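Now for the letters of each chain:
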Amino acid sequence: MPGKLKAKIVAGRHLPVMDRASDLTDAFVEVKFGNTTFKTDVCPKSLNPQWNSEWFKFEVDDEDLQDEPLQITVLDHDTYSANDAIGKVYIDIDPLLYSEAASVISGWFPIYDTIHGIRGEINVIVKVELFNDLNRFRQSSCGVKFFCTTCIPQCYRATLVHGFVEELVVNEDPEYQWIDRIRTPRASNEARQRLISLMSGELQRKIGLKVLEMGGNAVVGYLQCFDLEGESGLVVRAIGTACTLDKLSSGSAPNTNTHMHPNTAPASNACNSPSKDGKEPVFVEDLPSSSGPPTPFRALPTSSSPPPFSPSKPCSRQSSSSDTDLSLTPKTEEPHSVRCRPGIFLCPSSPILSTDTLSLPGSGSVGCGRGSNPRATTSAPLSSIQSDSALLRKSVSFTEDLLLAASGMGSGGSAGKEAGPLRTLLRQQTQTALEQRGASSSGLLLNAREFPFFTLTSFPPGFLLHVGGVVSARSVKLLDRIHNPDEPETRDAWWEEIRQEIKSHARALGCHAVVGYSESTSICEEVCILSASGTAAILNPRYMREGCLDIGCTDHRFEEPSPPNCGFCHIPYDELNMPFPAQLTYCYHCRRQKVPDVLFTTIDLPSEAAVAGKGCLIQARLCRLKKKAQGEANATAISNLLPFMEYELHTQLMNKLKLRSMNALFGLHIQISVGENMLLGLASATGVYLTALPAPGGIQIAGKTPGDLSSEHISSIQKRINDTIAVNKELYQINPPELAEEGVGSPIPEPRHRSRLFRSHSESSDELSELDLSHGKKDAFVLEIDDTDAVEDIHSLLIDAPPPTGFYSCNTENMPGISNWTSGVQMFTSVRVLRLSNANLTNQGLNKIFTDLCENLLKSFYFKLRSMIPCCLCHLNFTVAVPEEELIQVTVTAVAMTYDKEQTQEKTAEKPVNKGSLEAEEQLQFPLELCADSSSSNIQTASKISDTVSLFTPAAKLCQNQLLIVRSAGVGESTNISPRAASVDYGSFADRCSTWLELLRLKAHTIRRGSVKTSRRTQSLAHSVSSLERCSPLQEGRSRSLRSSRSFGGSSVTVVKMTPLSFLSGTRIIKYLGIINMFFIRETTSLREEGGVSGFLHSFIAEVFAMVRAHVAALGGNAVVSYSMKECVFMENPNKNQAQCLINVSGDAVICISETDQESSASTANTGQTGGGGTDGAT
Amino acid sequence: MSVELDVFVGNTTIMDEEVYQLWLDGHTVNDAVKVRMEGGVMDECEASKDVLLSDTMDQYRTFQMCERLLHSPAKLANQLLFQIPPHRQIMLIERCSRDALIQLTHLFQRSHNSLFLYLFVKPPPLCYVSSHGNLFFVSLSLFRYYAFDDTFVREVLGKKLSKGTKKDLDDISAKTNVTLKSCRRQFDNFKRVFKVVEELKGPLVENIRQHFLLSDKLARDYAAIVFFANNRFETGKRKLQYLSFQDFAFCAGQLISNWTVGAVDNMVEDMDVDLDKEFLQELKELKILITDKDLLDQHKSLVCTALRGKTKVFIEMENNFKNLSRGLINIAAKLTNTKDVRDFFIDLVEKFIEPCRSDRWTAADMKLYLTHYTNSAHILDTFKHQVVWDRYMGVVKSCIFKMYHD
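Residues numbered from 1 in each chain as written. Chains lettered and ligands numbered in written order. Predicted model: local features only at pLDDT ≥ 70, side-chain atom pairs only at ≥ 80, totals over all residues. Heavy atoms only, no water.

On to the overall build of chain B. Secondary structure assignment for chain B yields 23 helices and three strands. For chain B, the proportion of its 406 residues judged to be buried stands at 58%. When contacts within chain B are restricted to residue pairs at least 6 apart in sequence, long-range pairs at least 24 apart make up 68% of them. Summed over its atoms, the accessible surface of chain B is roughly 16,500 Å², and 51% of this surface lies on carbon and sulfur atoms. (Helix = DSSP H or I, 4+ residues; strand = E, 2+ residues; numbered from the N terminus. Buried < 20%, exposed > 50% of the residue type's maximum accessible area, 1.4 Å probe, protein only. Contact = heavy atoms within 4.5 Å. Areas by Shrake-Rupley, 256 points an atom, 1.4 Å probe, with all protein chains shown as cover.)

This is how it looks when you write it as structure tokens:
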């Protein structure tokens, strides 16, 4: 079904000089979509050309609309030789394809060249006319909305959450094609940018199709990644959560007190609308606008399709079969399941063994292998197959996976226990699905059922019943060329494996869902580590469909209404049959149910959770040297190292958590990066003290053998640790409500127990690792100083400097303990690369270097942002990489947000006043919404704005030091500038000016509103704005000398805020305009001239920001939320004076408005739209 | 091991005023770090030297990236590369001293004839400009960028803004104690402004002000520099050494507003940069005042009558009248020669100021004498060139007042 795409090229500005002789440029523009190309006329001898082209119309399939970007190339006309390209603009038209988002893309876009960077700007207008497509068999999925945000977007409510969607597409990387040898770097870069743009479009379309098939209309928590596999190709993959979202009417007042969950009202009924295709939602959330008490679950007639995922017997682990399973499992099997299991993978192209990995009996990496073989026997077939296949295999990869599990002490060993019931379930499910839907289409739906995963990290209250803990899986693979891009089976199968693993881990924890789920890769040469992690959880059965209800029936715990602020801490697994050794106590809140002593999760802190004090960023950092190796040997080496790294990271996290006197981690993200000669591990999380959990015990130090180290030394260390704990308690204001030890529940464990707990993880792993054998057996003490390493460890423990006064930090969406944000927001990206010069580094030395690198980065941030104090660094996202041997790269993206130190708002009289003016200022930031149709304003507003615009300072009394400026939009002071000065330069100015004027008007309005009560002496300055007309050549010619100054005043570059969070403090998002997903390559052959590597990257990142802002502004937005830099691959060759960098960024373009001035904006918006002939006079 | 790469890029550009000034002054990163350490910024946020170094390098890079834009301020207003959103200003406003703000606002308001929001914050020393994001940032940073050292400009004043002069900058740098980097920036600024206004019609000061978004004062100074460079006035002679740049800038202002083509007709090309040729021709007519014996005597007696008893140096004035009058009129008559235009200031000093100074005239004496000297000519019946005389003497009088000091 065709759609019509229309594009108009208006003007250019600040173009580079392409003709040295005249110092000018003869520019023209090529507009290309698909295979159709249009050209504008040449605009001779101008650096600010006015093309004002006709509308170029492309009639295309909506499939193409989704896949292809609009390509705009600006060229310099050359009569005698080939035309020189100045640069390009790629415009993703996806936001125009759904009705609620943007209706037009219009604005100035930076013209980007992969060699020269930004070279001027071009003004473009793009529109799409789309016809409804009702074709069942269509390949397009226009209309499905995508959100990077990992919670339900602010101005929507989720009526249905369908579940997990994933897809990946592969292709050959143009950089590695033969043609790359003969073409220019520019051509190669552009081919890559174009290809990736195409692939992302295709990927999004395919995911959209899946969503439609499931009956959803949106993807939330959309996470798209690139795997640059080098020679073997390019993989673009994405995961997300399919939902059915309803737009909240703008009139309905959303929950203003929480940024995170606008839809906090409890669900009242599960409304299920089974579509005829049998698309079943996984769970249902209904949000009534009135937050009444939840009505009892209403069973709905449904089709006979099976439950969305196999929840029917999660409790079966209590059953004898499971027990038997356990007892049957020989002790020796335990390490096997934890350690890297050499999974076997056969390349699908292998003619003989083109079997699905999953079906390999006993393939260790899959928790629920087929058949009912007891775990113990799996090793036999495994090895036999391995040897069998050794003859045929084209490639063999080794799968390693390890579960870092719940409550910090889960072990992978538990994975196997659930195999029995799960297996059955899976098969059942598959079979029913197959019967029902036929083999052909089963794949799609199966996926959603098969993996009850949710990429969301925050949920409405009551949604999350219990949290089990973190589940993660890793797998080491050897990359091989992708032979058939249309059938990316290999990569699909790899991920399938990992997901199965995760699912089985979750099951082991007694959970039926995984939330906060994410996937990532790390690639070095031909080795690739695939990782996935999430948090095992039980979701509220009320939201579940009928079939799922037996969870509640069989398990008494679900019958009890769990208190909202501690319920999620209660263990989901059975305490008699714990998947791992853990110390349980009765909940410190309700005293009714058991809680673990620590809780690790990948999600955000639920908003209803009861917390003591503030949270803080906790990082574990680790380096491990590795021998250089090739192929399988390398993969094996890495596989062998991984468990140790996970263990170490975990221990570090645990120690640091205790050191801060906290008992839970949220937003845990563990990254393991592989390099040629080392592995880097970085775990980041936000520590918090949950009052429902027992207070953490201290850390105790002990010498292994007296005489090794003087006892004084030990006691001094002990003292330092104790002091640090005390200081931290103070710092993070951790004063948990003193609960009298009433004897309810079990008392806080004694130190002896406590320390045992602390070490318990090692116990599960010490059988396999000699590493910690020494103190693993010892119960009594936490840390044992048995050699210098241990001393080092303790020192490194203490090395983490607390943030300076006025700063807090976290890596989650919301900072535990701080909620009164003010409007100061500073998003930043920082990259640091360290060269290790010393060839003979030890692990300890490396660890120190790596830790210092991270710590110094944080210190730099604190210093840079000192003007924002009091502030909090939120969503600190560290990414580590080993781009080359001896190089360590750390990339950080975060946002600094200011907050009000006074917890109570009405401290002084002037506080609210200041706040008012603050928000008034804030108003400035949604200008474009007002000129919704800026294309028309382009022409019309010029005549509209002949009225006077004025602006006032709020009373000087209120803001003593505040001066507000009134500027007549630079349109010449008509009073003192002679008539010639009143003329206007190029037409675009009128456009800008109109926006600017709207702004002023808006601002005037707001301020007036704000100052009615408060202001007495209002200085008002009004400047009349002379009527602007579209440029006439006559005037232009005459006003040459003044033209430039004319354009100064009209400067109204929209301020676009960016944040990695899903909200902007002090504002409310009123519209989501679409997803921003941009990929850029920048290359230079004159590295020194561009200021070296730092200069090169600095300007590139600044350019990327500028381009993101420009695209958002063109969509009519004023902010980007959930912004993230997915990829920042930097390569240099200083000897050749060359460098190259790839950056991939994504986020949601939105319009947001100040929270307090909603109505006013609505009214001003109206006047703005109608052109407001009236004059905004002074108050 | 070494830090190979280290960048920090904010969505909002952070500029530190102090570092900006250090950069403008041409300090190296290491020097700047030293200065900052001494300034005590380290205590502010428990920073270490490494942190300071990293921050300083980062700021320097930012400024270098800005520099391209600062060169052509036309691009600054709607540039997309840097963003300073308004919310930050409020934050900063709340902390700055009121006096500083008012002062600044006056300074800029007058100059821009329009309003910007100026924020001046201290401490921490950050500076942002705008009524709307960019403008504030633009103006203040521009203002700083185009600021110059008087000692430096004094050295290059009247010299051709060419490559040749640029080569001598290291000597000038050594002489004036301004870093070579800073000298280069200032020199390039002069050149850039010169190049732009050369091609523009309209009033010189206004053009500079608008095109480079400079304050009124700064625009006037630039106009003076451009004017001197264009006419190649000699300022380097030893006898002129006692004059400051501000003295010359004042004189340039006088010449621009009275003797150029633009003073008569403000729509002519190069109006303010070149002297009015017709006027210079007409100046020859003034010779009659010294060639006609009667007129000279009459003039002398009129002046002497008016001065008698009003000054201590009356005798010297009377004796020197003819010499001084010849000096001034000869200067006027010769101005048709480009060479003599160049020597205008040296001639004024040699022919008029030095004789007076050796007779120990006070500034008041000078004022008195010149006022009567000018006015008396109007009373002379046979002297017909009153308009030219006024136009000439008006400028000469104010120039000499300005230049008559030690």
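In terms of regular secondary structure, chain A is built from 22 helices and 35 strands. The burial tally for chain A puts 64% of its 1179 residues in the buried class. A separation threshold of at least 6 residues defines the contact pool for chain A, and within that pool the share at least 24 residues apart is 80%. Of the accessible surface of chain A, which amounts to about 40,700 Å², a share of 52% is contributed by carbon and sulfur atoms.

On to the packing of helix α11 (residues 169–176) of chain B against helix α12 (residues 180–198) of chain B. All names here are of chain B. Direction vectors running N to C along α11 and α12 enclose 120°, while the axes themselves pass 9 Å from each other. Between α11 and α12, the crossing angle belongs to the class labelled oblique. For α11 against α12, the interelement crossing comes out right-handed. Judged by residue contacts, L169, D170 and S173 of α11 engage L180, C183, R184 and F187 from α12. (Axes fitted to C-alpha atoms, helices over the stretch in contact; angles between N-to-C directions. Parallel < 35°, antiparallel > 145°, perpendicular 65-115°, else oblique. Left-handed = near helix turned anticlockwise from the far one by under 90°.)

Glancing now at the packing of aromatic side chains. This structure, assessed with the given rule, holds 53 aromatic pairs over all chains. Each ring, one from F152(B) and one from F190(B), has its centre 6.1 Å from the other, and the planes form 20°; the classification is stacked. Placement of F152(B) in helix α9 (residues 150–156) and of F190(B) in helix α12 is noted, with a sequence separation of 38 residues between them. Like F152(B), the residue F190(B) is buried in the burial classification. For the pair F233(B) and F345(B), a centre-to-centre distance of 5.3 Å together with 75° between the ring planes defines the contact as edge-to-face. Here the residue F233(B) occupies a position in the loop between α14 (216–231) and α15 (245–259), and F345(B) occupies one in helix α21 (residues 344–358), the gap between them amounting to 112 residues. Of the residues examined, F345(B) reaches a relative accessible area of 0% and is grouped as buried. An aromatic cluster is present here, built from Y20(B), W23(B), F63(B), Y145(B), Y146(B), F148(B), F152(B), F190(B), Y222(B) and F245(B) joined pairwise through their rings. Above the plane of the ring of F863(A) lies R866(A), whose end atom (NZ or CZ) is 4.2 Å from the centre. (Phe/Tyr/Trp six-rings, centres within 6.5 Å; stacked < 30°, edge-to-face > 60°. Lys NZ or Arg CZ within 6 Å of the ring centre and 35° of its normal.)

Note on sheets: strands pair through backbone hydrogen bonds, and any given pair is parallel or antiparallel. Pairing within the open sheet is mixed, and its five strands lie in the order β26(A)-β28(A)-β29(A)-β27(A)-β1(B). Single-partner strands in this sheet number two, and they are β26 (807–809) of chain A together with β1 (2–10) of chain B. If you compare each strand with its neighbour and ignore which way they point, the axes differ by 25° on average. Here strand β28 (residues 871–881) of chain A runs beside strand β29 (residues 887–899) of chain A; their pairing, made up of nine bridges, is antiparallel. Following the sheet pairing, T879(A) is matched in β29(A) by T891(A). In this fold helix α21 (residues 1092–1114) of chain A packs onto β27 (821–835) of chain A together with β1 of chain B, with an angle of close to 25° to the strand it touches most, β1(B). Sheet contacts for helix α4 (residues 49–71) of chain B: β27 of chain A together with β1 of chain B; angle to β1(B), the most-contacted strand, approximately 60°. (Pairing = 2+ DSSP bridges.)

Any two packed helices are characterised by how steeply their axes cross, that is the angle between the axes, and by the distance between the axes. Residue and element names in this part refer to chain B. Between α15 and helix α23 (residues 386–403), whose axes approach to 9 Å, the crossing angle comes to 170°. The pairing of α15 with α23 is recorded here as roughly antiparallel in orientation. Residues Q246, D247, F250, C251, Q254, L255, N258 and W259 of α15 form the contact with α23, whose own contacting residues are R391, Y392, V395, V396, S398, C399, K402 and M403. For the contact of α15 with α23, the residue count by class is nine nonpolar, four polar and three charged. (Nonpolar A, V, L, I, M, F, W, Y, C, P; charged D, E, K, R; others polar.)

The subject of this paragraph is the pattern of salt bridges. What the rule picks out here adds up to 42 salt bridges over all chains. Here D343(B) ties to K339(B) by a salt bridge, and the two come within 2.5 Å at their closest N and O atoms. The exposure class of D343(B) is buried, given its relative accessible area of 13%. Under the relative-accessibility criterion, K339(B) is labelled exposed at 51%. Within this structure, E166(A), E167(A), K210(A), R499(A) and E519(A) form a network of salt bridges that share partners. (Salt bridge = Lys/Arg side-chain N within 4 Å of Asp/Glu carboxyl O.)

The next subject is helix α13 (residues 204–212) of chain B. In terms of burial, α13(B) is a largely internal element, eight of the nine residues being buried. In the segment just after α13(B), L213(B) is the residue with positive phi, at about 55°.

Quick look at the confidence of the model for chain A now. All names here are of chain A. Summarising the model, chain A shows a mean pLDDT of 67, and 57% of its residues fall at 70 or more. Here residues 251–448 is modelled with pLDDT under 50, and outside its nearest four sequence neighbours on either side it reaches 404 contacts, counting other chains as well. Predicted confidence is poor over residues 544–560, with pLDDT under 50, and the contacts of this stretch with residues over four places away or in other chains come to 39 contacts. (pLDDT = per-residue confidence, 0-100.)

All names here are of chain A. Among the nine residues in strand β7 (residues 105–113), nine count as buried, and that is most of the element. In terms of strand pairing, β7 meets strand β8 (residues 117–130) through eight bridges, oriented antiparallel. What sits directly across from F109, in β8, is I122. Remark: three residues form the turn of the hairpin made by β7 and β8, two consecutive strands paired antiparallel.

All names here are of chain B. Residues K163, K167, K191 and K195 make up a contiguous surface patch of positive charge. For the positive patch, the secondary-structure elements that each account for two or more residues are α10 (163–167) and α12. In this structure, K167 sits in helix α10. Judged by relative accessible area, which is 65%, K167 ranks as exposed. (Patch = residues over 30% accessible without salt bridge, like charges linked within 9 Å, V, L, I, M, F, W, Y side chains within 5 Å. Lys, Arg positive; Asp, Glu negative; His and termini not counted. Charge placed at Lys NZ, Arg CZ, Asp CG, Glu CD.)

This part takes up unusual backbone geometry. Residues and elements named next belong to chain A. Residue I869 is joined to P870 through a cis peptide bond whose omega torsion reads 0°. The phi dihedral of D23 is positive, around 60°, even though this residue is not glycine. For D23, a relative accessible area of 41% corresponds to the partly exposed category. Positive phi values are uncommon outside glycine, yet S1122 reaches one of about 55°. Position of S1122 relative to the elements: it lies in strand β34 (residues 1119–1133).

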